[in-house]
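Residues per chain are reported as follows:
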Amino acid sequence: MQQKKKKWRNSVRKVLSCGIAVITFVSLLSVHVHVPSFDVTSFPHNKLPMHELSYQRLSRERSWIQKFAPPHLSKAPATASKLDGANWNWTMDKLWKPPPNRDYVRCVAPTSSYTSPPESRGYLLVHSNGGLNQMRAGICDMVAVARIINATLVIPELDKRSLWKDSSKFSDVFDEDYFINSLANDVRIVKKLPKELAYAARAVKHFRSWSGVDYYEKEIASMWDEYQVIRAAKSDSRLANNNLPPDIQKLRCRACYQALRFSPQIEAMGKLLVDRMQSYGLYIALHLRYEKDMLAFSGCTHDLSPEEAEELRAIRESIPWWKVKDIDPVEQRGKGYCPLTPREVGMFLSALGFTSNTPIYIAAGEIYGGDSHMSDLQSRYPLLMNKEKLASYEELEPFSKHASQLAAIDYIVSVESDIFIPSYSGNMARAVEGHRRFLGHKKTISPDRKALVRLVNKVDQGTMVEGKKLSDRIIEVHRTRQGSPRKRKGPISGTKGMDRFRSEEAFYVNPLPDCLCQNEPSYSNKSHAVV
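Treat the numbers as computed from the prediction; the structure is a model and nothing was measured. Residues take numbers from 1 onward in each chain, read along the sequence in its written order. Selection of residues for local features in this predicted model requires a pLDDT of at least 70, selection of side-chain atom pairs for listing and counting requires 80 or more, and totals for whole chains, interfaces and linings are taken over all residues. To get the side-chain values, all heavy atoms of the structure are used, and hydrogens and water are removed first.

Undergrad: I'm lost on unusual backbone geometry in this one. Help?
TA: Across the chain, the bulk of peptide bonds are trans and the bulk of non-glycine residues have phi less than zero. Of note, the bond from Leu-512 into Pro-513 is cis; its omega dihedral lies within 30 degrees of zero at 20°. A run of DSSP states H or I qualifies as a helix once it reaches four residues; a run of E qualifies as a strand once it reaches two. Both are numbered from the N-terminal end. Locating Pro-513 in the fold gives a position in the loop between helix H23 (497–502) and strand S11 (516–518). Notably, Ser-237 is not glycine yet its phi reads approximately 55°, a positive angle. Note that Ser-237 resides in the loop between strand S6 (229–232) and helix H10 (246–259). Its identity as a non-glycine residue notwithstanding, Asn-243 has a phi of 60°, on the positive side. Along the chain, Asn-243 turns up in the loop between S6 and H10.

The following block contains the structure:
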């Protein structure tokens with residue numbers, strides 16, 4: 001009997017001990033684990049612009065990631081870790097928040113005097129030259145030219161002879177039917193030249209760069225008296241940036257930002273990668289133009305081995321249409337004419353205050369030198385992503401041999417990013433910046449390469465160290481380089497002739513004031529109808 005009582009008391013003790021342990025564990029869990037709220041019903045979705053909704057949604061996601069990320073990804077750099085919690089959150093919010101939009105809205109609808117396309121006088125054939133974004137701008141300009149000269153535009157031919165040797169057709173890269181139908185009230189567009197004109201005499205013309213309406217109406221349109229077909233040998237920079245009729249400028253924007261969308265398969269792939277990047281929280285799209293063709297063309301060899309520098313020189317010598325052969329790489333870099341190296345980009349991002357757990361999408365082709373040149377950036381920012389990391393081989397295989405299609409995917413992920421940062425102001429950087437301005441001045445940080453090179457040199461020479469002083473200098477330099485609304489820059493004072501046009505800010509880099517208007521209470525002008 002005594003043994004039974006003892007066993008019973010032991011059993012009761014065990015049950016009570018287990019109960020106390022469970023209660024203690026639950027209490028500790030309720031104190032230390034916080035599940036963030038994702039309630040979005042309190043936001044008036046029909047009143048907020050999409051980029052603000054995205055910012056608020058992804059801010060909550062980023063907050064969650066910052067709390068629960070593995071230790072090796074959540075460690076902040078020294079400059080950020082010294083801040084207390086409240087200041088750190090305020091700094092992060094300010095760092096990611098888009099610039100003030102100042103009530104600018106899209107205004108691309110035609111004016112009241114705009115008419116349907118007049119009767120066509122002939123057919124305009126176009127050979128689009130350059131990479132993807134150079135061709136995009138040229139195609140949109142040729143839409144406007146076709147309108148000016150009363151032409152039927154034949155779907156442009158894409159460049160197959162450039163350095164990339166891409167065999168893609170227009171319909172492989174762009175949504176051909178959508179392009180034709182979207183511009184039906186502006187320009188007549190056909191997929192092919194009529195059979196009866198296949199062997200007709202045609203005028204092959206290099207349209208003059210940065211030309212205005214007078215040139216096209218007088219010199220080009222007069223060719224209809226002798227020809228039914230005019231072929232534009234090149235499409236890039238053939239239309240002036242400024243001083244064109246408002247309806248022509250608005251047409252360029254409708255063509256570029258509305259009609260010329262990518263093919264369904266490219267759009268689907270791009271949006272898939274955007275979703276996968278957003279699963280990490282707010283993300284930067286970094287256009288890292290540290291690729292073989294860019295370095296060879298620009299003559300930039302900083303941080304490269306003698307063998308790499310010689311390889312690039314040989315490439316530059318072998319390409320006949322690259323006119324400048326002898327380039328001083330030190331002088332080139334000092335003037336800010338070189339793309340930032342991956343190491344310089346890493347120092348730049350750290351100085352701005354981006355923590356090491358920042359998700360970064362690398363929008364680029366193959367980085368020259370691969371891992372050997374990416375190691376510093378990778379060590380600073382382990383969450384470096386690209387197409388190949390976010391998608392499987394099978395998902396990317398349909399696009400893999402087509403540079404233009406791969407560039408289009410990068411373009412989509414870049415336009416949709418929370419912050420876009422280009423390491424060089426090339427065609428893609430300018431195109432993405434302009435598109436992001438059109439969509440509501442989404443944040444784009446444009447590095448001042450000349451100033452950054454001077455500061456990096458000081459660090460390398462030991463006269464400055466990475467820390468608060470360097471960070472303060474870089475933040476101050478870039479305070480006004482974050483994509484805020486401003487009018488397109490005109491020519492540099494004192495320039496003449498073609499240099500004057502060349503020095504202007506390109507139309508598609510900044511479509512303000514032509515296609516972006518400030519929304520005022522007394523807004524009633526139909527020519528500023530918002531689309």
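Undergrad: When you look at the packing of helix H21 (residues 449–461) against helix H22 (residues 468–477) in this model, what are you seeing that I'm missing?
TA: In helix packing, the relevant descriptors are the interaxial angle and the interaxial distance, both defined with respect to the helix axes. Where H21 contacts H22, the two axes come as close as 11 Å, and the packing angle between them is 175°. Taken together, the axes of H21 and H22 are roughly antiparallel relative to one another. Contacts between H21 and H22 involve Ala-451, Leu-452, Leu-455, Lys-458 and Val-459 from the first element and Leu-470, Arg-473, Ile-474 and Val-477 from the second. Under the convention adopted here, Pro, Cys and the residues Ala, Val, Leu, Ile, Met, Phe, Trp and Tyr are nonpolar, Asp, Glu, Lys and Arg are charged, and Gly plus all remaining residues are polar. Residue classes in the contact of H21 with H22 are distributed as seven nonpolar, no polar and two charged. Helix axes are fitted to C-alpha atoms over the stretch in contact, other axes to C-alpha atoms as well, and angles between N-to-C directions run from 0 to 180 degrees. Orientation labels follow simple angle bins: below 35 degrees gives roughly parallel, above 145 gives roughly antiparallel, 65 to 115 gives roughly perpendicular, and whatever is left gives oblique. Any two residues having at least one pair of non-hydrogen atoms within 4.5 Å are treated as being in contact.

Undergrad: Just to check I follow, could you spell out the state of the cysteines for this structure?
TA: In a disulfide, the sulfur atoms of two cysteines are covalently bonded to one another. Two cysteine sulfur atoms make up a disulfide if the distance between them is within 2.5 Å. Using the criterion set out here, one finds three disulfides in the structure. The disulfide bridge from Cys-107 ends at Cys-517, spanning 1.9 Å between sulfur atoms. For the disulfide bridge between Cys-107 and Cys-517, the dihedral angle about the S-S bond is near 80°, and by the sign convention the bridge is right-handed. With Cys-107 in the loop between strand S1 (104–106) and strand S2 (122–126) and Cys-517 in strand S11, this residue pair connects regions lying 410 residues apart in the sequence. Considered together, Cys-107 and Cys-517 belong to a single accessibility category, that of buried residues. Covalent S-S linkage joins Cys-253 and Cys-515, the inter-sulfur distance amounting to 2.0 Å. What sets the handedness of the Cys-253 and Cys-515 disulfide is the S-S torsion sign, and at about 95° it is right-handed. Within this pair, whereas Cys-253 is found in helix H10, its partner Cys-515 is found in the loop between H23 and S11, the two being separated by 262 residues in sequence. Assigned by exposure class, Cys-253 and Cys-515 land together as buried. When the cysteines of the chain that form disulfides are numbered from the N-terminus onward, they connect as 1-6, 2-5, 3-4. Of the cysteine sulfurs around Cys-140, a residue in no disulfide, the closest is that of Cys-256, at 4.1 Å. A 1.4 Å probe rolled over the protein chains alone gives each residue an accessible area, and that area as a share of the maximum for its type sets the label: buried under 20%, exposed over 50%, partly exposed in between.

Undergrad: Looking at this model, I keep getting lost on the sheet that holds S2. Mind explaining?
TA: Picture the strands of a sheet paired through backbone hydrogen bonds; they go either parallel or antiparallel. In this description, strands pair whenever DSSP reports at least two bridges between them. The strand order across the open sheet built from five strands is S4-S3-S2-S6-S5, with neighbouring strands paired in parallel fashion. Since the sheet does not close on itself, it has two edges, and those belong to strand S4 (189–190) and strand S5 (202–205), each with one partner. Bridge count for S5 against S6 is four bridges, and the pairing is parallel. When the sheet's bridge partners are listed, Lys-205 is paired in S6 with Ala-232.

Undergrad: How should a positive patch on the surface be read in this particular structure?
TA: Surface patches are drawn from residues lacking salt bridges whose relative accessible area is over 30%; two like charges belong together within 9 Å, two nonpolar side chains (Val, Leu, Ile, Met, Phe, Trp, Tyr) within 5 Å. With residues, only the protein chains shown are counted as cover, and all accessible areas are computed by Shrake-Rupley using a 1.4 Å probe. Each salt bridge in this description consists of a side-chain nitrogen of Lys or Arg and a carboxyl oxygen of Asp or Glu lying within 4 Å of one another. Under the convention used here, Asp and Glu are negative, Lys and Arg are positive, and both His and the chain ends fall outside the count. Where a charge sits is defined by one atom per residue type, namely NZ (Lys), CZ (Arg), CG (Asp) or CD (Glu). A surface patch of like charges, here positive, comprises Lys-450, Arg-454, Lys-458, Lys-469 and Arg-473. Considering every element that reaches the positive patch, the biggest residue donor is H21, with three residues. Looking at the secondary structure, you find Lys-458 in helix H21. Judged by its relative accessible area of 32%, Lys-458 is partly exposed.

Undergrad: Explanation requested: the packing of helix H15 (residues 342–352) against H21 in the structure shown.
TA: H21 packs onto H15 with a crossing angle of 95° between their chain directions and a minimal axis gap of 11 Å. With respect to H21, the element H15 is oriented roughly perpendicular. Contacts between H15 and H21 involve Arg-343, Glu-344, Met-347 and Phe-348 on the former and, on the latter, Leu-452, Val-456, Val-459 and Asp-460. Within the contact of H15 with H21, the residues separate by chemical class into five nonpolar, no polar and three charged.

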